[in-house]
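This is what each chain is made of:
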Amino acid sequence: MAIAASEFIDQLGKLLGDTEVLSEAEDLIPYSFDGTAALKQKPWCVVFPRSTDEVAACVQLAAKHQVSIVTRGSGTGLSGGSVPLTGSMVLCLVKLDRIIEVDAENLTLRAQCGVITKEIDDAAAKHGLFYPPDPGSMKISTIGGNVAENSGGLRGLKYGVTRDYVMGMTVVLPSGEVVWLGNKCVKDVAGYSLKDLFVGSEGTLGIITEVLLKLLPRPMARRTMLAMYDTMEEAAETVSAIIAAKIIPCTLEFLDQMTLKCVEDYSKIGLPTDVAALLLMETDGHPAAVEDEANRMLDIAKKHGAREVKMAKDDAEGARLAAARRNAFSALARMKPTTILEDVTVPRSELVKMVRFIRETAEKHKLLIGTFGHMGDGNLHPTFLTNEKDTEEMHRVEIALGEIVDKTLELGGTVTGEHGVGLAKKAFLRQQFGEGSYQLLRTIKFALDPQKLLNPGKIFD
Amino acid sequence: MAANKNMLLKKLDYSILQQCMHCGMCLPTCPTYMETKRERNSPRGRISLMRAIADDEMELSASFADEMYYCLGCLACVTACPAGVDYVELFESARADAESSEVQGHGMRDFWRWLTLEVLFMRPRLLRSLGMVLRWYQQMGLEHMVRKLKLTMILPKKLRDLEPQTPQMARSFSNELIDEIESPTGSKKYRVALLTGCVQDLVFSNINRDTVDVLLANGCEVVTPSVQYCCGSLHGHNGAPHLARELARRQLDMFDVGSLDAIITNAGGCGSHLKHYGHLLQDDAVYAGRAAQWDAKVKDIHEWLVEIGFRKPTSGCGTVSATYHESCHLCHGQKITSQPRSILSSIPGLKVTELPESNWCCGSAGIYNITQPEQSAKLLKRKVEHIDSTSAETVVTSNPGCHMQLVNGLLSKPESSCHKVSQPVTLLAEAYRNEVSSPL
Ligand SMILES: Cc1cc2nc3c(=O)[nH]c(=O)nc-3n(C[C@H](O)[C@H](O)[C@H](O)COP(=O)(O)OP(=O)(O)OC[C@H]3O[C@@H](n4cnc5c(N)ncnc54)[C@H](O)[C@@H]3O)c2cc1C
Ligand code: SF4
Ligand code: SF4
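What counts as what
Residues numbered from 1 in each chain as written. Chains lettered and ligands numbered in written order. Predicted model: local features only at pLDDT ≥ 70, side-chain atom pairs only at ≥ 80, totals over all residues. Heavy atoms only, no water. Helix = DSSP H or I, 4+ residues; strand = E, 2+ residues; numbered from the N terminus. Buried < 20%, exposed > 50% of the residue type's maximum accessible area, 1.4 Å probe, protein only. Contact = heavy atoms within 4.5 Å. Areas by Shrake-Rupley, 256 points an atom, 1.4 Å probe, with all protein chains shown as cover. Lys, Arg positive; Asp, Glu negative; His and termini not counted. Charge placed at Lys NZ, Arg CZ, Asp CG, Glu CD. Buried area = accessible area lost by both parts, 1.4 Å probe. Salt bridge = Lys/Arg side-chain N within 4 Å of Asp/Glu carboxyl O. Polar contact = N/O pair within 3.5 Å; in protein donor to acceptor, adjacent residues only side chain to side chain. Nonpolar A, V, L, I, M, F, W, Y, C, P; charged D, E, K, R; others polar. Pairing = 2+ DSSP bridges. Axes fitted to C-alpha atoms, helices over the stretch in contact; angles between N-to-C directions. Disulfide = S-S within 2.5 Å. 1 Å grid on protein atoms, 1.4 Å probe; cavity = no way out; pocket = protein on both sides within 12 Å on 5 of 7 lines; lining within 4 Å. Points joined across faces, edges and corners; volume = space filled by probe spheres on them. Domains from an automatic or database assignment.

Helices and strands together make up the secondary structure of chain A, namely 16 helices and 18 strands. Considered along the principal axes of its C-alpha atoms, chain A spans approximately 70 × 60 × 45 Å. A buried classification covers 59% of the 461 residues belonging to chain A. Long-range contacts, defined here as pairs at least 24 residues apart, represent 72% of the contacts in chain A between residues at least 6 apart. If you sum the accessible surface of chain A, you get close to 17,800 Å²; carbon and sulfur atoms cover 53% of it. Across chain A, the mean location of the 52 positive side-chain charges is 1 Å away from that of the 62 negative side-chain charges.

This is how it looks when you write it as structure tokens:
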């Protein structure tokens, strides 16, 4: 960057108004991290544009002066995606927070990127519609962040992930040019599916300022139940058996004993803490189908060793259980000062092996690992409970982490199912991709962003 | 330079600072963050600034001190935080450091702090005398006259803006309404003490009377010393921990804790502080043990009534419909949420409608409405709109600060169907009284 900080900040102030540009230490320190452990770096400045045009103007100014840009939603990312680099401008998009349209005829919703995920579903619900992706962070994550990370949620098994709901978007390119990609059509094969290029691009290819989302009719009924197990393997076997029985429940979430204890300690809703594993299962849809599926799932769980299966008595109780599960990750932080969360995902048939391997790895390296995750998706979150100040233990964590990654790849899995590569998984990407596909990633990035202005150093160097 | 080794933030057990894993789950519950959408105005942003100071990455600046006073101390973040971050400890330490480093300058601010924290709220008799003067001034119609003649123009701007919010002093203070010992007419099942509070005593002594009546009706003998000290919450929250400790010791000296089944508080803000004397005095060789015993006996009135299985009234309370606003320090500080609602729903004929965002701060927040009038007014407006949406005729709360704030809020919306502010104990006491006058 060739321009002096004060000069650049002055010019930003002229574009957005002085109150929308932050540059004091007390303002910047709170933007030096996201939800990822042990990553911290102060930006140069933080700006709050309020429209696509303002975003484009900021990008043009930054491009002119070669200032790198880190896009940020609510900063709940778990791979360090919105952790800034020194000398970068944080483009914080939380003030682009308008829902523009709910189209009940075409079942679509159009919103600015800073709208909170839960508000999208609330707005859909007012029309009897449904926006299924529900990441644990949905009360605060932004839809732009969800699209940029291709976030999953608790309902992924039946309803898929964010990508499955993105029909179109407005993107500001690294040059500052604005493009619209996609439309309201159910079918569309005109040209490459460019919108898909930006889903999961982690702020490295363009800035998504508006999204057009697909909605579904809201399911008429749902049943939630809890199955309790003495071993983690039995829980994993139940999941495989349910899927083999051709049932696709919306939710099959897993929590181990350590996670259960922490979640119960916080939410106090009467979760059992003396079991090795718990499955939170939910089916939704037509009332008759829901009833039938719920009963069959209950039978399968019992057959596979569930000590007890409890049905939620009503929707409110079901919602409370799901809400408690959403707190799992943060609740684990009750145990130790540092919480390092993994995101390994394997084909569902390999779940039992993976779960067992994680447990053995924890024992071998004498580490505390709490595991929970979206078992129906084969997506596990083994979480190391440690202390970043204890260098000796952190060393063991690193070794264990490497072993878990190796095993995941050996089982045909991926190092990240939903949190993205960012900074946290960068080191493992080449190993997973292999040389050819890794180079393809770089080719795409540098074709779109030759000046390397957008989120440099994320995904790869 | 302000970075002295004695700062509480530096001496704090570091794991308290590390406990925040910056997940952001607290953000949507923080009124200041939701207003500005800026991280420094959020719980995790504030904690990151505190940590930066502890880590010597940043000096304690005036801007940091301002931030700590922009925080409402409403503790909504504590309820929301799954990781169990002890925000109370962090926030009180940060404010104390802000004060001891004197970054906010001197002048009028110092004078008002000295007058309130070190003089008035340390000396209960003096505070009451001031209350008496104010009462006389209000009763003689002088207040009305001064306002009419615009004599308030001689006050500095800030005070002038606040003057209309001066609370109406009660006709009698608690000691004029409550005997030092009152016994139930029927069998005596418990012996409890009542803490009359400071503002509560001067402005809402009738609520203290109602509290005693409700306790008597439930078999409690009530001990109410006529002169009581401030609980020290004002000092604890405003960066004066040494004074908070001194007041806690005086409070402990006032009671023979062993002879009591419970120590009752009816002000959410005081209760939240009163339950933590053990922690406050943990390093005090003489008082630590008694303080821990004290903590176990302090009960919020609603908590106590539900615990002892209070008698359900058989008459109504004269109020038809109500909605309940939760005091932050009752619901977030003490986690008491269902009990006041149980009391309200026990009253025959009273229709209770849930208030949207019932646990969102009303902007009173101790002396926040004085120190941060703008943000306070925004919160009050939001609150009053929600109250109005319930169509209830009365809004019920359980903290003197909230009570006064809501009274002022409703004045600004005369077209609303809600005209009255009351408290659960008052409605319950009213219902009990109606049993006698018109037995079913
Ligand atoms: C408690 C907790 C639970 C979670 N649960 C889940 C879960 O169940 N499933 C899941 O998938 N994730 C989960 N996450 C991770 C995280 O919430 C998601 O990745 C979320 O999508 C991030 O949204 P955000 O608005 O916070 O984005 P940020 O963290 O601010 O940004 C994330 C990335 O997206 C980029 N970005 C943000 N907005 C835009 C935009 N408009 N245009 C271009 N790039 C952009 C940023 O540069 C960054 O690389 C959880 C996180 C927490 C803390
Ligand atoms: S205070 Fe708690 S909820 Fe808020 S960011 Fe920190 S850990 Fe998360
Ligand atoms: S106490 Fe209230 S205002 Fe302060 S950080 Fe917590 S939620 Fe926000």
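Attention now moves to the interface of chain B and chain A. Contact with chain B, which involves 34 residues of that partner, is made by 38 residues of chain A. Both faces considered, chain B and chain A share a buried interface measuring about 2,900 Å² in area, 56% of it formed by carbon and sulfur atoms. Between A:R72 and B:E39 there is a salt bridge; the shortest N-O distance is 3.0 Å. Linking chain B with chain A are 14 residue pairs in polar contact (both at pLDDT 80 or more). Going through the elements one at a time, α2 (14-18), α3 (31-36), α4 (43-54), α5 (62-70) and α6 (76-80) of chain B are the ones with two or more residues in the side of chain B that touches chain A. When its residues are assigned to classes, the side of chain B that touches chain A shows 15 nonpolar, eleven polar and eight charged.

Residue and element names in this part refer to chain B. In spatial order, the strands read β7-β6-β8-β9; together these four strands make up an open sheet with parallel pairing. Each edge of the open sheet carries a strand with a single partner, namely β7 (351-353) and β9 (420-422). Going across the sheet, the axis of each strand differs from the next one's by a mean of 30°, ignoring polarity. Both strand β6 (residues 321-324) and β7 contribute to a ladder of three bridges, which runs parallel. Residue pairing across strands places T323 opposite T353, the latter belonging to β7. Contacting β8 (394-396) and β9, helix α25 (residues 400-411) runs over the sheet at an angle of about 170° to β9.

Residue and element names in this part refer to chain B. For the structure shown, the criterion picks out zero disulfides over all chains. Cysteine C361 remains unbridged, with the sulfur of C328 as its closest cysteine sulfur at 4.0 Å. Given a relative accessible area of 2%, C361 falls into the buried group. Left without a disulfide partner, C418 is nearest to the cysteine sulfur of C362, which lies 13 Å away. Judged by relative accessible area, C418 falls into the buried class, the value being 1%.

Right, let's get into empty space enclosed by the protein. Leftover empty space is mapped by rolling, across the atoms, a probe with the size of a water molecule. All names here are of chain A. Considering all chains together, one arrives at seven cavities of 30 Å³ or more under this definition. What the largest cavity holds in volume is close to 780 Å³. Every residue lining the largest cavity is counted, 48 residues in all, and those nearest its centre are T76, G77, S137, E149 and S151. Only β3 (69-72), α5 (143-149), β10 (207-214), α11 (315-326), α12 (328-332) and β17 (368-374) provide two or more residues apiece to the lining of the largest cavity.

As a further point, take the pattern of salt bridges. Under the defined criterion, the tally for this structure stands at 61 salt bridges over all chains. A:K407 is the partner of A:E410 in a salt bridge, and the nearest nitrogen-oxygen pair spans 3.5 Å. Of this pair, A:E410 and A:K407 both sit in helix α14 (residues 391-410), separated by three residues, roughly a single helical turn. Looking at A:E410, the relative accessible area reads 59%, which means it is exposed. Note that B:E385 is salt-bridged to B:K381, the shortest N-O span being 3.5 Å. Taken together, the residues span about one helical turn, with B:E385 and B:K381 both in helix α24 (residues 373-390) at a distance of four residues. Classification of B:K381 as exposed rests on a relative accessible area of 56%. The network of salt bridges with shared partners includes B:E182, B:R209, B:D210, B:D213, B:E430 and B:R433.

Okay, the domain arrangement of chain A next. On domain assignment, one finds that chain A holds domain 1 (5-92), domain 2 (99-217), domain 3 (221-328) and domain 4 (330-410). One C-alpha centre belongs to domain 1 of chain A, the other to domain 4 of chain A; they are set 32 Å apart.

Let us look at unusual backbone geometry. You will see that A:N150, though not glycine, has its phi angle at about 45°, which is positive. Its place among the elements puts A:N150 in the loop between α5 and α6 (156-159). Residue A:N150 is classed as buried on the basis of its relative accessible area, which comes to 15%. In this structure, B:E357 takes a positive phi of about 55° despite not being glycine. As for its position among the elements, B:E357 is in the loop between β7 and α23 (368-371).

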